[in-house]
Amino acid sequence: MRALVMTAPGGAENSEIRETAAPHPGPGQVAIDVAWAGLNFVDVMARRGDGGYTSAWPYLPGKEVAGTVRELGEGVTGLAVGDRVAAAPVGAGLAEVVLADAVLTVPVPDGLALSAAAAAPLGLATAVLLLTDAGRLTAGDTVLVHSAGGGIGSAIAQLVPLLGGEGTLIGTVGRPEKAPAAVDLGYHHAFARDEQLADAVRTATSGRGVDLVLDPLGTTTLELDLTVTAPGGRIVLFGNAGGGEVGTMPTLGQLMGGNLSVTGFSHRAYAATAPERLARAIRTTLGLQAHRGLTLPLTELPGLEAVPAAHDAIEQGRATGKYVVRVGG
Ligand SMILES: NC(=O)c1ccc[n+]([C@@H]2O[C@H](COP(=O)([O-])OP(=O)(O)OC[C@H]3O[C@@H](n4cnc5c(N)ncnc54)[C@H](OP(=O)(O)O)[C@@H]3O)[C@@H](O)[C@H]2O)c1
């Protein structure tokens, strides 16, 4: 089978497609013929050499797929060879065959394209869990989302109203020219992350501030988050897009004085410690896609050969929206 392999830290020059043997599932696992796979920032962070992602090379990227069940491991029930599924493998999903834990392999509803389903297991499920479990969204919440134009940001714009959110939705983007696209995605306001941002957020909320902040920027905007979060608000930290040093957390006084919560979120940790909850989120997103009109604007890459350049675009902040790649089928 063909698989994308990252041979060393760096960029597209260190990615190649290799012929390797198709894997067979162990107990509790499923082998999947991958039709489509999602691209994710986490693989860019790994090949960039960010701490905590991988120290072992070659690195096999790809953490969300959709396709058909090829082979069942011992003890797997509730799935059959040929079933259309979406899954969150630990890695190696940018390949014609991948192994995933059965608990994180979820049937794709009839009528939903596998290209769309490939965005569910990591990207969309993360967006759902950020809003529900981590962010505890309630109907009237004003929500601030950093990196509004990426895959997660565009999903959140659609998910907030689908999950019952009715409040103002504010997005931030790294480059001012990305702001109109974020508004097209559903944000009521989109602002560049510059010196005027705090004032812009205050004005957009009539001085009240926001109830929920979803922030994948390490601690680079944490001080701003604290400044614009209304009393009782929640800040969810879920990434370190720039890959730099992480700064200090808020003081006890800041948290107590504002009745504020700062929460961390990790898809990887959910997969390891709460896989049933993650599977439920994947099921929710697939259901919303199939039955409630959740449609992410997707850039569909024609084959694995196109992935390294797309990873470059993502790394350089040139990409917008969600990328999926046709792998087989
Ligand atoms: N904790 C988790 O489990 C989890 C799961 C999925 C994703 N994430 C995180 O969520 C963020 C978005 O993920 P995604 O899948 O939506 O990724 P994506 O579609 O590739 O978008 C990445 C976004 O990051 C922004 N960004 C900010 N600083 C950047 C930098 N230094 N270099 C490159 N891009 C930068 C870019 O937009 P702007 O420059 O306009 O902001 C871009 O929209 C990433 O940081 C990712 O690590 C975390």
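Details of the structure are given in the entry above.
Residues numbered from 1 in each chain as written. Predicted model: local features only at pLDDT ≥ 70, side-chain atom pairs only at ≥ 80, totals over all residues. Heavy atoms only, no water.

## What about the packing of helix α3 (residues 120-134) against helix α10 (residues 275-291)?
Filter applied, for reference: Helix axes are fitted only over the stretch in contact, all axes being lines through C-alpha atoms; the angle between N-to-C directions runs from 0 to 180 degrees. The way it works is that DSSP assigns letters per residue, a run of H or I at least four long becomes a helix, a run of E at least two long becomes a strand, and they are numbered from the N terminus. By the definition adopted for this analysis, an angle is roughly parallel if under 35 degrees, roughly antiparallel if over 145, roughly perpendicular if from 65 to 115, and oblique otherwise. The contact definition used throughout considers only heavy atoms, calling two residues in contact when any of these lie within 4.5 Å.
For the pair α3 and α10, interaxial distance at closest approach is 8 Å and the crossing angle is 105 degrees. Considering their axes alone, α3 and α10 lie roughly perpendicular with respect to each other. Here Ala-120, Pro-121, Leu-124, Ala-125, Val-128, Leu-129 and Asp-133 of α3 come into contact with α10, specifically with Arg-277, Leu-278, Ala-281, Ile-282, Thr-285, Leu-286 and Gln-289.

## Some words on the site of the ligand
Applied cut-off: Nearness is defined per residue: one heavy atom within 4 Å of the molecule or strand is enough. Two N or O atoms count as a polar contact when they lie within 3.5 Å, although within protein this holds only if one can serve as hydrogen donor and the other as acceptor, and sequence-adjacent residues are included solely when both atoms are side-chain atoms. Note: domain ranges come from an automatic or database domain assignment.
As a structural note, the neighbourhood of the ligand is formed by 23 residues, with Gly-151, Ile-152, Gly-174, Phe-238 and His-267 the closest of them. Between an oxygen atom of the ligand and a main-chain N or O atom of His-267, the distance comes to 2.6 Å. Mapped by element, the contributors of at least two residues to the shell around the ligand are α1 (41-48), α3, α4 (151-162) and α11 (307-315). When residues of the shell around the ligand are sorted by domain, at least three fall in each of domain 1 (2-119 + 296-326) and domain 2 (124-267).

## Overview of helix α6 (residues 197-204)
What counts here: Each residue is assigned to one of three classes by its accessible area relative to the maximum for its type, calculated with a 1.4 Å probe on protein chains only: buried under 20%, partly exposed between the two thresholds, exposed over 50%. Along the arc lie the directions from the helix axis toward the C-beta atoms.
Restricting attention to buried positions, one finds in α6 the residues Leu-197, Ala-198, Ala-200, Val-201 and Ala-204. Buried residues of α6, viewed axially, fall in a sector of 160 degrees; they line one side. Buried positions along α6 lie against β8 (143-146), β9 (169-173), β10 (189-192), β11 (210-215) and α7 (222-228). Where α6 ends, the next residue or the one after it, Ser-206, has phi of about 50 degrees, a positive value.

## Topic: unusual backbone geometry
In the segment running from Trp-57 into Pro-58, the intervening peptide bond is cis, with an omega of 5 degrees. Looking at the secondary structure, you find Pro-58 in the loop between α1 and β4 (65-72). Here Arg-136, not a glycine, exhibits a phi torsion of approximately 50 degrees, which is positive. One can find Arg-136 in the loop between α3 and β8. Classification of Arg-136 as partly exposed rests on a relative accessible area of 42%. For Ser-147, which is not a glycine, the phi torsion comes out positive at approximately 60 degrees. Relative to the helices and strands, Ser-147 resides in the loop between β8 and α4.

## Description of the environment of His-267
Inspection of the secondary structure assignment puts His-267 in helix α9 (residues 267-273). Along the primary structure His-267 and Pro-121 are separated by 146 residues, whereas in three dimensions their C-alpha atoms are 9.6 Å apart. When sequence neighbours within four positions are dropped, the list of residues in contact with His-267 reads Ala-88, Pro-121, Leu-122, Thr-126 and Leu-278.

## Observations regarding the packing of aromatic side chains
So the rule is basically this: Two rings from Phe, Tyr or Trp (for Trp, the six-membered ring) form a pair when their centres are within 6.5 Å of each other. A pair whose planes differ by under 30 degrees is stacked, one over 60 is edge-to-face, and the rest are tilted.
Throughout the structure, instances matching the rule amount to two aromatic pairs. Residues Trp-57 and Tyr-59 carry aromatic rings whose centres are separated by 6.1 Å and whose planes lie at 55 degrees to one another, so their mutual orientation is tilted.

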